[in-house]
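Descriptive structure summary
Chain by chain, the residues run as shown.
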Amino acid sequence: LDVNSFAGRSLLPFLGALPAGETFEDAVRRRRSVHRGAASASAEVRRAYGFSSVDFRSLRWSAAHVREVAAALLRTRGEHAHLFEGRDKVYRRFRLVLTPGKDRVVLHPEAHDGDLAVGSVMLNPARTPLQWLETLQSVTSESVDQLSRNSTELRRNAETLQTFFASGEDGLDTIFRRGLSCPPEEYHDFMYVVGMRCRRSMDVPDEKVEPIISPTSVCHESSVVSPPLTVVVETSMACRRPIFTMEGHVRVGSNMDICLADFRKKIASLSGRARSNAEAEREKLNECHRHAVRLRDIYSLRGKVKRTNAAVGGVRVTTDQFLGCLGRLLEINVTASPSDFHVLGGNTLQISGEGQHCHVADNGDIVIPWNWL
């Protein structure tokens with residue numbers, strides 16, 4: 001079906017075209033089985049190499065192709081077993097990410113395994129096993145040491161920024177985090193530069209910076225305490241000036257050339273609107289949950305209604321879009337015949353972003369765009 005055509009987004013004709021009975025159930029069952037096989041192969045790769053985790057999602061490949069890549073990685077591990085002796089202690093501080101980009105090792109923490117910062121080993125499945133080996137062999141104990149130093153530096157800079165914003169007239173409680181468009185190296189450079197400038201402005205040596213006690217953890221006379229303001233760092237191309245988002249965050253660019261006093265004032269000026277949006281977002285999420293529960297009961301769905309994950313390359317579905325889509329699905333149930341939706345029973349429903357058409361996903365989910373017709 002054409003993505004942009006009426007047919008591609010038309011829900012009832014799509015559901016009516018799906019084969020009824022055991023034919024469709026068998027097809028979905030096979031897809032789920034292949035998907036579980038891919039997940040099992042991913043776990044086997046993780047155990048064989050000793051990585052903290054293995055992520056194939058960035059590829060957005062079918063489960064069958066993921067299993068082929070996993071088999072190639074296992075063959076490489078078996079054929080060159082002598083090269084990996086004792087490396088499991090090193091690899092456990094990294095996650096393996098299969099990506100269409102270039103092979104590289106990220107020594108800046110992108111995730112955490114308990115209290116330990118975890119880096120990333122990025123491999124392109126289009127490269128040869130020998131090229132994979134070159135990247136894998138570049139991960140050494142020195143890499144782990146550098147990862148630990150970078151993690152410590154990032155934590156110190158985050159504490160510095162928290163102290164700097166809390167010391168202003170508005171006394172903002174802030175949390176900085178990396179946005180989807182910002183590479184780890186760029187985010188850590190931003191935190192290093194801004195953190196160093198904050199320490200200089202406060203005239204406090206690095207070793208004297210102490211994290212403040214978050215207002216959310218202190219009992220006040222008022223029982224209502226606002227959660228910390230989340231500041232999301234994006235690339236300069238994605239965000240050229242500080243703005244607030246509909247989700248209740250403040251977005252900033254990674255290379256903004258602005259004095260610290262003005263930077264703090266700008267964040268403070270946006271915080272009020274951002275907090276209002278955050279409260280509205282929480283209310284909309286609660287309404288989404290209520291709608292999703294009703295849909296699950298009405299259509300006998302398998303599990304909860306899901307949104308596509310923008311973090312792994314999916315097209316983002318906003319909360320407003322998701323809520324509107326769920327509301328329309330509840331409305332159409334009143335006017336349409338129950339037989340139009342019988343195929344949904346026992347299946348998982350997923351809401352995708354724009355540019356998608358109604359289809360059955362590789363894992364057996366029934367996927368419809370939020371703006372279905």
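This text goes with the structure placed above it.
Let me sum up the structure you'll find in this document. (Residues numbered from 1 in each chain as written. Predicted model: local features only at pLDDT ≥ 70, side-chain atom pairs only at ≥ 80, totals over all residues. Heavy atoms only, no water.)

Quick notes on the overall build of the protein
Filter applied, for reference: A run of DSSP states H or I qualifies as a helix once it reaches four residues; a run of E qualifies as a strand once it reaches two. Both are numbered from the N-terminal end. Each residue is assigned to one of three classes by its accessible area relative to the maximum for its type, calculated with a 1.4 Å probe on protein chains only: buried under 20%, partly exposed between the two thresholds, exposed over 50%. Every residue pair with non-hydrogen atoms within 4.5 Å of one another is taken to be in contact. Only the protein chains shown count as covering a residue, and every accessible area follows the Shrake-Rupley method with a 1.4 Å probe.
Along the protein, the regular secondary structure elements total 10 helices and 12 strands. Counting only residues that meet the buried cut, the protein has 43% of its 373 residues in that class. In the protein, the proportion of contacts linking residues at least 24 apart, taken out of those at least 6 apart, comes to 70%. Carbon and sulfur atoms provide 51% of the accessible area of the protein, an area that totals close to 19700 Å².

Thoughts on the sheet that holds strand β11 (residues 359–360)
Quick note on the threshold: We treat two strands as partners when DSSP finds at least two bridges between them.
One open sheet accounts for 4 strands, arranged β9-β10-β12-β11; its pairing is mixed. Each having just a single partner strand, β9 (306–307) and β11 make up the two edges of the open sheet. Strand direction decides the pairing type here: β11 and strand β12 (residues 366–369), joined by 2 bridges, are antiparallel. Bridging from a neighbouring strand, His359 pairs with Val367 of β12.

Let's talk about the pairing of strand β6 (residues 229–234)
The buried fraction of β6 is high, at 6 of 6 residues. Side chains Leu229, Val231 and Val233 project from β6 onto one buried face, and the interleaved Thr230, Val232 and Glu234 project onto a second face that is buried too. Note that strand β5 (residues 174–178) and β6 share 5 bridges and pair parallel. Bridge pairing in β6 links Thr174 to Leu229. Across 4 bridges, β6 lies against strand β8 (residues 250–253) in parallel orientation. Looking at β8, one finds that Val233 is bridged to Val252.

Description of the nonpolar core
Rule in force here: Residues grouped as a nonpolar core are buried Ala, Val, Leu, Ile, Met, Phe, Trp, Tyr and Cys residues, joined through side-chain atoms within 4.5 Å.
By size, the foremost hydrophobic cluster in this structure holds 31 residues, and its most contacted members are Val305, Leu349 and Ile368. Looking at this core, the elements that each hand over two or more residues are α2 (11–17), α3 (22–49), α9 (260–299), α10 (319–335), β10 (349–352) and β12. In terms of residue count, the dominant contributor to this core is α10 (7 residues). Not counting chain neighbours up to four residues away, the residues in contact with Val305 comprise Ala292, Leu295, Phe322, Leu326, Leu349 and Ile351. By size, the runner-up hydrophobic cluster in this structure holds 28 residues, among which are Val69, Ala72, Leu98 and Leu147.

Description of the pattern of salt bridges
Our working definition: In the sections that follow, a salt bridge refers to a side-chain nitrogen of Lys or Arg positioned within 4 Å of a carboxyl oxygen of Asp or Glu.
Tallied over the entire structure, the rule returns 13 salt bridges. Across the salt bridge formed by Arg95 and Asp55, the nearest N and O atoms sit 3.9 Å from each other. Here the residue Arg95 occupies a position in strand β2 (residues 94–98), and Asp55 occupies one in strand β1 (residues 54–55), the gap between them amounting to 40 residues. Here Arg251 ties to Glu234 by a salt bridge, and the two come within 4.0 Å at their closest N and O atoms. With Arg251 in strand β8 and Glu234 in strand β6, the pair connects residues that are 17 residues apart, well separated along the chain. We classify Arg251 as partly exposed; its relative accessible area is 22%. Judged by relative accessible area, which is 9%, Glu234 ranks as buried. Overlapping salt bridges, with partners in common, bring together Asp55, Arg57 and Arg95 in one network.

Details of the sheet that holds β8
In space, the 4 strands of this open sheet follow the order β5-β6-β8-β7, with mixed pairing throughout. Of all strands in the sheet, those with a lone pairing partner are β5 and β7 (243–244), marking the two edges.

What to know about the packing of helix α7 (residues 141–166) against helix α8 (residues 184–202)
Operational definition: For helices, the fitted line uses only the C-alpha atoms of the stretch in contact; every axis is such a line through C-alpha atoms, and the angle between N-to-C directions lies from 0 to 180 degrees. Geometric relationships in this document are graded by angle, where less than 35 degrees denotes roughly parallel, more than 145 denotes roughly antiparallel, 65 to 115 denotes roughly perpendicular, and other angles denote oblique. Should the near helix be turned anticlockwise from the far one by less than a right angle, the crossing is left-handed, and should it be turned clockwise, the crossing is right-handed.
With their axes 8 Å apart at the nearest point, α7 and α8 run at an angle of 50° to one another. Here α7 lies oblique to α8, going by the angle between them. The crossing of α7 and α8 is left-handed. Of the residues in α8, those touching α7 at Asn150, Glu153, Leu154, Arg156, Asn157, Ala158, Thr160, Leu161, Thr163 and Phe164 are Tyr187, His188, Met191, Tyr192, Val194, Gly195, Met196, Cys198, Arg199, Ser201 and Met202.

Description of helix α6 (residues 129–137)
To keep it simple, the criterion reads: By definition, the arc is the one covered by directions from the helix axis to the C-beta atoms.
When we look at burial in α6, the residues that qualify are Trp132, Leu133, Thr135 and Leu136. Along α6, the residues classed as buried sweep out an arc of 165° about the axis, all on the same side. Away from its buried face by more than 90 degrees, α6 exposes Leu130 and Glu134.

Some words on unusual backbone geometry
As a rule of thumb, non-glycine residues mostly have phi less than zero, and peptide bonds are mostly trans rather than cis. The phi angle at Ser300 is positive, at roughly 55°, despite the residue not being glycine. Along the chain, Ser300 falls in the loop between α9 and β9. For Ser300, a relative accessible area of 46% corresponds to the partly exposed category.

Any functional reading would require information beyond the geometric quantities listed.
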